[in-house]
Amino acid sequence: MMELRRTLAGRIALTAVATVILLFLALPIVVILVTSFSDNAFAAFPPDSWTLGWYKALFADGSKWPAALSLSALVACLSTVFSLVIGVTAATALTRSELPLRSAVYALVLGPLLIPQIVTALGLFLLFEPASMLGSPLAIALGHTVLASPIAVLILVATLRGIDERLEDAAASMGAGRLTIARRITFPLAAPGMIAAAIFSFITSFDEFYISQFLSSVDTVTLPVQIYNSLTFDIDPSVTAISAILIAFAILALALVALVRWLGSGRQDSLLSVENTAGIAAPGGEAV
Amino acid sequence: MAATLTANAPARPRKLLASRRTRVGILYALPVVVYLLVLFVYPILSTLFLSLKSTDGSLTLHWYVEALTGINLSVLLTTVRISAETALFSLVFGFVLANAISRLKPLWAGVAMLIVVVPHFISALVRTYGWIILLGDKGLVNEAMAKLWVPGAPFQLLYNEIGVVIGTTSVMLPYTVLLLYGVMRGVDRRLLAAAASMGAGRVTIFRRVYLPLVAPGLASAGLLSFILSLGYYITPALMGGPDQTMIASLINQQVMKQNQWNGAAAEGVILLLLTFAGLLLVKLITSLGASRKKRSAS
């Protein structure tokens, strides 16, 4: 790195600017967390007195939040199940078979990630409105799956590509059937990727706004739409509390993904090292 | 290339096996293909048809004429302007930050990447609300500027374009940082060392070697944040005024408030065409970049 040795002043300037940009990313989140405990949600920052009142208000009588929260949770669970079914089958087709038109299938999978979500939302509205399915949790979940399943497919394709196919071949050579191989070899190795795909599908659906807004009715409003409405129409300070809960939830989900990845990373290596020791042991076996 | 290899690889005796693998592939690909054809491709095609249909059912370009005139045209121009501003700021901030992170020691780079990635997974609504609290007349930003005796403080930072661009940039920034960080990690440092050994100064190395190597990545990161901003309206709707209405917000209003589905469909198709144009440019730039890399390597 000799060629890029910087002057001390230059390095300090770069670090300072980078820190300001990182603050730019982190500050809105920190402010929400602090304000959710502030006695007066609209007064100056930092607050002068603290309260848990906004959290209590979330679950007070007549509050809209519990219904929105449970609808979003239900929709996200449905969407996660749909995405996993689609993701596992599609990833198997894309990595473990000879698929005609493979690149066309890839393009189809990437489509929902590249096209503006508002256009997808409008299209789904045109599909579900004539069917009188607006406001149905199933319709919202089916819509969310359009966005969540491509993410699940991409994560699971990467997972299956990362699994050494020789392990599956080795099991087959020892007489294991396809089901046994899937159950005893592929599934345990793919489990961390499947959990990650499930978590990302859940987050995608839980946070989704455009499709929810188009497909919801007056009585069925998902959490993001309720947050949007309460920021636009009525001033409800408990929105800071629900926002803080969402932040905690997102951090928890990401930590879970990291934990699962970390726990899963050792697994294939240990299987492969068994294969290696078998390889080393073989010449000795011949000698006998 | 890998696809053509596997397609040619099986020798004749394995043909039976290959056809079984093909059948399995088609069977397993069915769920995703059918799902996306019914719930993604078909709805978008019906949007296209609706945008071309007049109220009596005949073909018409009326909705496009309407979408491209008067107040609707100004919404379209606002959308392009705000998206361009957002893309510019995301690109500049993203370049500086990704560059700084790529020079950090692994531990600090990890911490910095965490600060980039975690907000990305927190709802944009929540982050926008954070900005609304921060940028108010009595918010942290204005209070800090008042304490620092900045003349003119407090500033009007909400319900105008300044607020919108600040908020939207913070939503798009993680994308550009992640993309540019990947590009910068891919730069072969030996090329920079080679330039230095031939007597090039730091500025020359940056301008003649580093910048051309990362230029395709810069262009596609900028275009990506531009494309993503085009269809976005959460932050502009919450932090902007009437002058910051974006096309996605207009589509929403036309459907929900005016029952104007055909007009909304035409706006949607225009948004789609703008997106395709952007994606085509990205594809062009990356393939140009790839061919240039190949030439310099040979």
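This is a predicted model, so every value here is computed, not measured.

K.L.:
How do you make sense of the overall build of chain B when you look at a structure like this?
P.N.:
For chain B, the helix and strand inventory stands at 13 helices and zero strands. Secondary structure elements in chain B, listed N-terminal to C-terminal, are α-α-α-α-α-α-α-α-α-α-α-α-α. Rg of the C-alpha trace for chain B: 25 Å, well past the compact-globule value of 19 Å for 298 residues, more than 25% over. Seen through its principal axes, chain B has C-alpha atoms that stretch 80 × 70 × 30 Å. Pairs at least 24 apart in sequence give 69% of the contacts found in chain B among residues at least 6 apart. For chain B, the computed accessible surface area is about 15,500 Å², with 70% contributed by carbon and sulfur atoms. If you average the places of the 25 positive and of the 9 negative side-chain charges in chain B, the two averages end up 27 Å apart.

K.L.:
Teacher, can you tell me more about the environment of Asp61 of chain A here?
P.N.:
Residue and element names in this part refer to chain A. Tracing the chain through its elements places Asp61 in the loop between helix H2 (53-58) and helix H3 (65-95). Judged by relative accessible area, which is 82%, Asp61 ranks as exposed. Note: C-alpha distance between Asp61 and Ser132 (71 residues apart in sequence) is 31 Å.

K.L.:
Honestly, the confidence of the model for chain A in this entry has me stumped. Any pointers?
P.N.:
Caution applies to low-pLDDT parts of the model: their predicted coordinates are not meant to be read in detail. All names here are of chain A. Overall, the predicted model of chain A reaches an average pLDDT of 87, with 88% of residues at or above 70. Taken element by element, chain A is modelled with least confidence in helix H11 (residues 239-287), mean pLDDT 73, and with most confidence in helix H5 (residues 117-128), mean pLDDT 97. Taken together, the stretch residues 275-288 has pLDDT below 50 and engages in one contact with residues farther than four places along the chain or on a different chain.

K.L.:
How do you make sense of the packing of aromatic side chains when you look at a structure like this?
P.N.:
In this description, a pair of aromatic rings is defined by centroid distance and the angle of the planes. One pass over the structure, following the stated rule, counts 17 aromatic pairs over all chains. Each ring, one from Phe202 of chain A and one from Phe206 of chain A, has its centre 5.6 Å from the other, and the planes form 15°; the classification is stacked. Taken together, the residues span about one helical turn, with Phe202 of chain A and Phe206 of chain A both in helix H8 (residues 178-207) at a distance of four residues. Note on Phe206 of chain A: relative accessible area 7%, which makes it buried. Between the aromatic rings of Phe89 of chain B and Phe93 of chain B, the centroid separation amounts to 6.1 Å while the plane-to-plane angle is 50°, which identifies the pairing as tilted. Pair noted here: Phe89 of chain B and Phe93 of chain B are both in helix H4 (residues 70-103), with a separation of four residues, about one helical turn.

K.L.:
Would you mind going over the nonpolar core with me for this structure?
P.N.:
As a rule of thumb, nonpolar side chains are buried together in soluble globular proteins. Formed by 158 residues in total, the largest nonpolar core has its most connected members in Ile118 of chain A together with Val32, Leu97 and Ile101 of chain B. Ignoring any residue separated from it by four or fewer positions in sequence, one finds Val32 of chain B in contact with Ile86, Ala90, Val105, Val109 and Val153 of chain A.

K.L.:
Please explain the interface of chain A and chain B as it appears in this structure.
P.N.:
Accessible area lost upon the coming together of the parts is a frequently used measure of interface size. At the junction of the two partners, chain A supplies 77 residues and chain B supplies 80 residues. Overall, the association of chain A and chain B removes approximately 7,400 Å² of surface from exposure, summing both partners, and the carbon and sulfur fraction of that is 80%. Counting across the chain A and chain B interface gives one salt bridge. A salt bridge links Arg21 of chain B to Glu98 of chain A; the nearest nitrogen and oxygen atoms lie 3.4 Å apart. Our count for the chain A to chain B interface comes out at five residue pairs in polar contact (both at pLDDT 80 or more). Its residues placed into classes, the side of chain A that touches chain B shows 56 nonpolar, 13 polar and eight charged.

K.L.:
How should I be thinking about a nonpolar patch on the surface in this particular structure?
P.N.:
Together, Ile26, Leu27, Tyr28, Leu30, Val34, Leu37 and Val38 of chain B make up a nonpolar patch on the protein surface, roughly 600 Å² of accessible area in all. By the secondary structure assignment, Tyr28 of chain B is in helix H2 (residues 15-51).

Thresholds applied
- As a convention, each chain's residues are numbered from 1 in the sequence order in which they are written.
- Lettering for chains starts from A, numbering for ligands starts from 1, and both go in the order in which the items are written.
- Residue-level local features of this predicted model are given only where pLDDT is at least 70; pairs of side-chain atoms are given and counted only at 80 or more, and the full residue set underlies all totals for whole chains, interfaces and linings.
- As a rule here, side-chain values come from all non-hydrogen atoms in the structure, and water together with hydrogens is ignored.
- By the criteria applied, helices consist of DSSP H or I runs no shorter than four residues and strands consist of E runs no shorter than two, each listed in order from the N terminus.
- Atoms considered for the radius of gyration are the C-alpha atoms alone. The globule rule reads 2.2 Å times the number of residues to the power 0.38.
- Contacts are assigned to residue pairs that have any heavy atoms within 4.5 Å of one another.
- Surface accessibility follows the Shrake-Rupley procedure with a 1.4 Å probe radius. Residue values consider only the protein chains on display as shielding.
- Charged-residue counts in this description rest on Lys and Arg as positive and Asp and Glu as negative, His and the chain ends being excluded.
- Note that the charge is assigned to NZ on lysines, CZ on arginines, CG on aspartates and CD on glutamates.
- The rule is simple: take the accessible area with a 1.4 Å probe, protein chains only, and divide by the maximum for that residue type; under 20% is buried, over 50% is exposed, in between is partly exposed.
- Values of pLDDT, ranging from 0 to 100, describe the predictor's confidence in every residue of the model.
- Two rings from Phe, Tyr or Trp (for Trp, the six-membered ring) form a pair when their centres are within 6.5 Å of each other. A pair whose planes differ by under 30 degrees is stacked, one over 60 is edge-to-face, and the rest are tilted.
- Among the buried residues, those of types Ala, Val, Leu, Ile, Met, Phe, Trp, Tyr and Cys that are joined through side-chain atoms within 4.5 Å form a nonpolar core.
- What gets called buried area is simply the loss in accessible area from a 1.4 Å probe that two parts show on being joined, summed for both.
- The term salt bridge refers to a side-chain nitrogen of Lys or Arg lying within 4 Å of a carboxyl oxygen of Asp or Glu.
- Two N or O atoms form a polar contact when they lie within 3.5 Å of each other; inside protein one atom must be a possible hydrogen donor and the other a possible acceptor, and for residues adjacent in sequence the pair counts only when both atoms belong to side chains.
- The residue classification treats Ala, Val, Leu, Ile, Met, Phe, Trp, Tyr, Cys and Pro as nonpolar and Asp, Glu, Lys and Arg as charged. All others, Gly included, are polar.
- Excluding any residue in a salt bridge, patches collect residues exceeding 30% relative accessible area, merging like charges within 9 Å and nonpolar Val, Leu, Ile, Met, Phe, Trp and Tyr side chains within 5 Å.

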